[in-house]
Amino acid sequence: MKIVVCIKQVPESNNVKFDPVTHNLMRGGMSGRINPFDKNAIEAALRLRDAVGGEVALLSMGPDSTAEILRDGLAMGADSAYLLSSRAFAGADTLSTGYVLAQAVRQIGNVDLTLLGRQAVDADTGQVGPIMAVNLNQPQATYATQLTANGNQLTVVRDLDSLTQTVELPLPAVITVRAEANTPRYETPLHIQQSFEKQVTIWRDTDLDLDPEKLGQKGSPTVVRKVYAPEAKTRAQTALPSEPAAAVDQLLVIMQQHGLI
Amino acid sequence: MTEAIWIVAEREPARINPVTFQLITKAKAIAKGKKVVVVLLEAPDQQFEQAISEYGPDEILLGQNVAYAQASDEVMAGALTTLAREYQPNAVLFGATPLGRSIAPRVQAALQTGLTADCLDFFYEDDLLVQVKPSYGDNVMCEITCPDRRPQMASVRPNTFAAEKVAGAMPAITPVEVAQTTGPQGRVVDETVRVSHATGIASANKVLALGRGAATPADIANAREIASRLGASVGVSRPLTDLPDFTVEQQIGQSGTTIAPDFLLNLGVSGATQFIVGMTQAKLVVSVNRDAQAPIFAQSDYTFTGDAAAFITALKQRMN
Ligand SMILES: Cc1cc2nc3c(=O)[nH]c(=O)nc-3n(C[C@H](O)[C@H](O)[C@H](O)COP(=O)(O)OP(=O)(O)OC[C@H]3O[C@@H](n4cnc5c(N)ncnc54)[C@H](O)[C@@H]3O)c2cc1C
Ligand SMILES: Nc1ncnc2c1ncn2[C@@H]1O[C@H](COP(=O)(O)O)[C@@H](O)[C@H]1O
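Draft legend 1. Molecular detail of the overall build of chain A. When helices and strands are tallied, chain A shows six helices and 15 strands. For 261 residues, the compact-globule estimate of 2.2 N^0.38 gives 18 Å, and chain A exceeds it by more than 25% at 23 Å. Taken along the three principal axes of its C-alpha coordinates, chain A extends 70 × 50 × 40 Å. Counting every position in chain A, which comprises 261 residues, the buried fraction comes to 53%. Considering only contacts in chain A between residues 6 or more positions apart, those separated by 24 or more positions represent 70%. When the accessible surface of chain A is split by element, carbon and sulfur atoms take 49% of a total near 11700 Å².

Written out as structure tokens, the structure is:
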């Protein structure tokens, strides 16, 4: 089975700060890491490969520094990696990102399965997987917790919070993976050493079959027009008496006044 | 032609997810003359249009087909795409549930438009739907718009808005026929409801929330007893989901459940941002913490600074 895992570089921490003067987001100096859910996708891919044979390729769109997270994924045991890096991709929203990644999957060729994380922890959208599936004209299973290969079909259990759903998917297909699916393996010294011999292919926009209208900011219908810190709303904070018994008595009176008991 | 705001009804096996009703009420409040239309795809014997009607949308587009009883994302998205192409709504809203967040981006990609995930608010500026969404784990808010393409699409976090019934509402119910979705598609072979809605914290009227400061076996047992007397559900902060007593289904917060009860009693909860975002819609909030500086207090109507176990014990005694 030929599996592609899409991985994204996200900021080291979500503790972003605002510049007190410009009100701009200050992200400078923060190093990147693999989106944590994408490690679950890599792990799921490696387990499928171990079960039925095949190969696992990593795919990421981002600046050249993204090569570092591809190296981390190779050190987990993936076989090869593709980096899509071009100024033409800058400013892409999910629609454009999903399009470019799908075109790269086509170019890689004969891909049976595309795996992604359930969502990226920076913008928390979870849209890229389904968008790729539509671009590739493939079925999908999002929020997957179990993947079982049987022949040209995959049985996937989806955890939809209030509902557990089991779907049978014909391959090729796109799947996004929940953290509950597995515990990602650590990089081993041997794999880290081997990762430096593995191939990382870099593709620019001109290396892929792309419609320029669908790239970068031009290909992105959404506009972020304002970014701000959430306003800290506070409540009355009326203190109850300091003796537990008296406090509880007053609480019950308050509850009665609100028609709660 | 009056332009419409569409709300895609989220059908669970045996009910409509309450987020659908919340979206109807909110959409009516911001519609400014636009029609509020619910799109309902269901099996012919389900008849969820009755429950939806009570919240007073202007119209329900009703697609009935046995295939919708257990439908794949491909089938649902295919039908919605076909309908959106035909009716050209101005905006399409989904609940930001796992199912809504799976189907919406397929429709988005097919229609080549914008989609904002997990909105906490939205409003119109003329024809532009301004969508307010958090980023970086709710540490940042963004305003997102889709100026040049239609429909404007968003998924909206459940329990962010209150749902209100409209007395005597009689929406027009328009049957629609949608051709069967073709192309590669998954086959749903099983669906099991995981949460019992009766005891789930998401729809509970009263919630007792336990944090690490109220996590002893005695605290838990006493809280459960008080909860059953009050008709309340017991929720927890994330660390307590590691205990055998609780799972993520009882977890309040960003990576758990957003709650909107009339009454919330926080016991030994510090009030981390990820917890707070799950409880801002609670009406009356009372918090107990021995640390007077605990961030949870700023989010509380009433506070008790002291030992949670002593408070719980006193409350249990009063209930007897
Ligand atoms: C990506 C991410 C997502 C997360 N999602 C969630 C989420 O959805 N929900 C969630 O809850 N957390 C979430 N967290 C974790 C969150 O950051 C906090 O760690 C967690 O909420 C803390 O739980 P707590 O308040 O019970 O524990 P603590 O922070 O340890 O607080 C315990 C509190 O109890 C008080 N206390 C101690 N003893 C007593 C006593 N005897 N009597 C009275 N008070 C006492 C202390 O003063 C303290 O304020 C998330 C974290 C991350 C990074
Ligand atoms: N630039 C990217 N390169 C590779 N994969 C991506 C990229 N952006 C998103 N993904 C994948 O899509 C998933 C969902 O991302 P998102 O839709 O941004 O929340 C991530 O977990 C990744 O697997």
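Draft legend 2. Examining the packing of helix 6 (residues 244-257) of chain A against helix 7 (residues 308-319) of chain B more closely. Contact geometry of helix 6 of chain A with helix 7 of chain B gives a least axis separation of 9 Å together with a crossing angle of 55°. The orientation of helix 6 of chain A relative to helix 7 of chain B falls into the category oblique. Seen from above, helix 6 of chain A lies across helix 7 of chain B with right-handed handedness. For the pair helix 6 of chain A and helix 7 of chain B, contact is made by Pro-244, Ala-245, Ala-247, Val-248, Asp-249, Leu-251 and Leu-252 of chain A and by Ala-310, Phe-311, Ala-314, Leu-315, Arg-318 and Met-319 of chain B, respectively. Looking at the contact of helix 6 of chain A with helix 7 of chain B residue by residue, the classes come out as eleven nonpolar, no polar and two charged.

Draft legend 3. Layout of the confidence of the model for chain B. In this model, chain B carries a mean pLDDT of 94, and residues with pLDDT of at least 70 account for 98%. If you check the scores for this complex, the pTM reads 0.84 and the ipTM reads 0.86.

Draft legend 4. Layout of the pattern of salt bridges. According to the stated counting rule, one finds 29 salt bridges over all chains in the structure shown. With its nearest N and O atoms 2.9 Å apart, the salt bridge here joins Asp-118 of chain B to Arg-157 of chain B. Linking Asp-118 of chain B in strand 7 (residues 115-119) with Arg-157 of chain B in the loop between strand 11 (152-156) and strand 12 (172-175), this pair joins segments that are 39 residues apart in sequence. Look at the salt bridges and you will find they share partners, linking Glu-43, Arg-47, Arg-49, Asp-50, Asp-79 and Arg-185 of chain A into a network.

Draft legend 5. Fine view of the side chain of Gln-22 of chain B. Residues and elements named next belong to chain B. By secondary structure assignment, the location of Gln-22 is in helix 1 (residues 18-30). Look at Gln-22 and you get buried, because its relative accessible area is 8%. One polar contact links the side chain of Gln-22 to the main-chain amide nitrogen of Asn-159, over a distance of 2.8 Å. Ignoring sequence-local partners within four residues, the contact set of Gln-22 consists of Pro-158, Asn-159, Thr-160, Phe-161, Ala-162 and Ala-163.

Draft legend 6. Region of interest: the sheet that holds strand 10 (residues 140-145) of chain B. Ordered by their spatial adjacency, four strands build an open sheet running 14(A)-10(B)-9(B)-8(B), and the pairing between neighbours is antiparallel. Edge positions in the sheet fall to strand 14 (223-228) of chain A together with strand 8 (121-125) of chain B, since each has one partner strand and no second. Within the sheet, the average angular offset between the axes of one strand and its neighbour, ignoring direction, is 25°. When strand 14 of chain A meets strand 10 of chain B, the two strands line up antiparallel, connected through five bridges. Following the sheet pairing, Val-224 of chain A is matched in strand 10 of chain B by Ile-144 of chain B.

Draft legend 7. Spatial organisation of the domain arrangement of chain B. All names here are of chain B. By the assigned domains, chain B splits into domain 1 (4-175) and domain 2 (206-319). Inter-centroid distance (C-alpha atoms) of domain 1 to domain 2 is 32 Å. Each partner contributes residues to the interface: domain 1 has seven residues there, and domain 2 has seven residues. Of the roughly 550 Å² buried between domain 1 and domain 2 on both sides combined, carbon and sulfur atoms contribute 44%. In terms of surface lost to domain 2, no three residues of domain 1 exceed Asp-138, Arg-157 and Asn-159, which account for 65% of the buried area on that side. In this structure, the connection of domain 1 to domain 2 is made through zero salt bridges. Linking domain 1 to domain 2 there are one residue pair in polar contact (both at pLDDT 80 or more).

Draft legend 8. Fine view of the site of ligand 2. Residue and element names in this part refer to chain A. Around ligand 2, the surrounding shell holds 18 residues, and the nearest of these are Cys-6, Asp-38, Ala-120, Thr-125 and Gly-126. The side chain of Asn-35 places a nitrogen or oxygen atom 3.1 Å from an oxygen atom of ligand 2. Within the contact set of ligand 2, an oxygen atom lies 2.6 Å away from a backbone nitrogen or oxygen of Gly-126. Taken by itself ligand 2 offers 480 Å² of open surface, and the protein chains cover 96% of this. When contributions to the shell around ligand 2 are tallied by element, the ones reaching two or more residues are strand 6 (55-61), helix 3 (94-108) and strand 8 (113-117). Split into classes, the residues belonging to the shell around ligand 2 amount to eight nonpolar, eight polar and two charged.

The rules behind the values
Along each chain, residues carry numbers from 1 onward, in the same order as the chain's sequence is written. Chain letters start at A and ligand numbers start at 1, both assigned in the order the entries are written. Where local features are concerned, this predicted model is filtered to residues with pLDDT of at least 70; where side-chain atom pairs are given and counted, the filter is 80 or more; whole-chain, interface and lining totals use all residues. With hydrogens and water set aside, each side-chain value is computed from the structure's full complement of heavy atoms. A run of H or I in DSSP counts as a helix once it spans at least four residues, and a run of E counts as a strand once it spans at least two, with each numbered from the N terminus. C-alpha atoms define the radius of gyration, and 2.2 Å times the number of residues to the power 0.38 defines the globule rule. Exposed residues in this analysis have more than 50% of their type's maximum accessible area, buried residues have under 20%, and partly exposed residues fall in between, with area computed by a 1.4 Å probe over protein chains only. Here, residues are in contact when the closest pair of their heavy atoms is within 4.5 Å. To be clear on the numbers: accessible area is Shrake-Rupley with a 1.4 Å probe, and residue cover counts the displayed protein chains and nothing else. To obtain an axis, a line is fitted to C-alpha atoms, over the contacting stretch when the element is a helix, and the angle between two such axes runs from 0 to 180 degrees between their N-to-C directions. We call two directions roughly parallel when the angle between them is under 35 degrees, roughly antiparallel when it is over 145, roughly perpendicular when it lies between 65 and 115, and oblique otherwise. By convention, the crossing between two helices is left-handed when the near helix turns anticlockwise from the far helix through less than a right angle, and right-handed when the turn is clockwise. Gly counts as polar in this scheme, as do all residues outside two lists: the nonpolar Ala, Val, Leu, Ile, Met, Phe, Trp, Tyr, Cys and Pro, and the charged Asp, Glu, Lys and Arg. A residue's pLDDT is simply how confident the predictor is in it, with values from 0 to 100. In what follows, salt bridge is the name for a side-chain nitrogen of Lys or Arg lying within 4 Å of a carboxyl oxygen of Asp or Glu. N or O atoms within 3.5 Å of each other form a polar contact, as long as, within protein, one can give a hydrogen and the other can take it, and as long as residues adjacent in sequence are counted only when both atoms are side-chain atoms. DSSP-based pairing: two strands are paired if at least 2 bridges between them are found. Residue ranges for the domains trace back to a domain assignment, done automatically or taken from a database. The term buried area denotes the loss of accessible surface (1.4 Å probe radius) that occurs when two parts are joined, taken as the sum for both partners. Throughout, near means a residue has at least one heavy atom within 4 Å of the molecule or strand.

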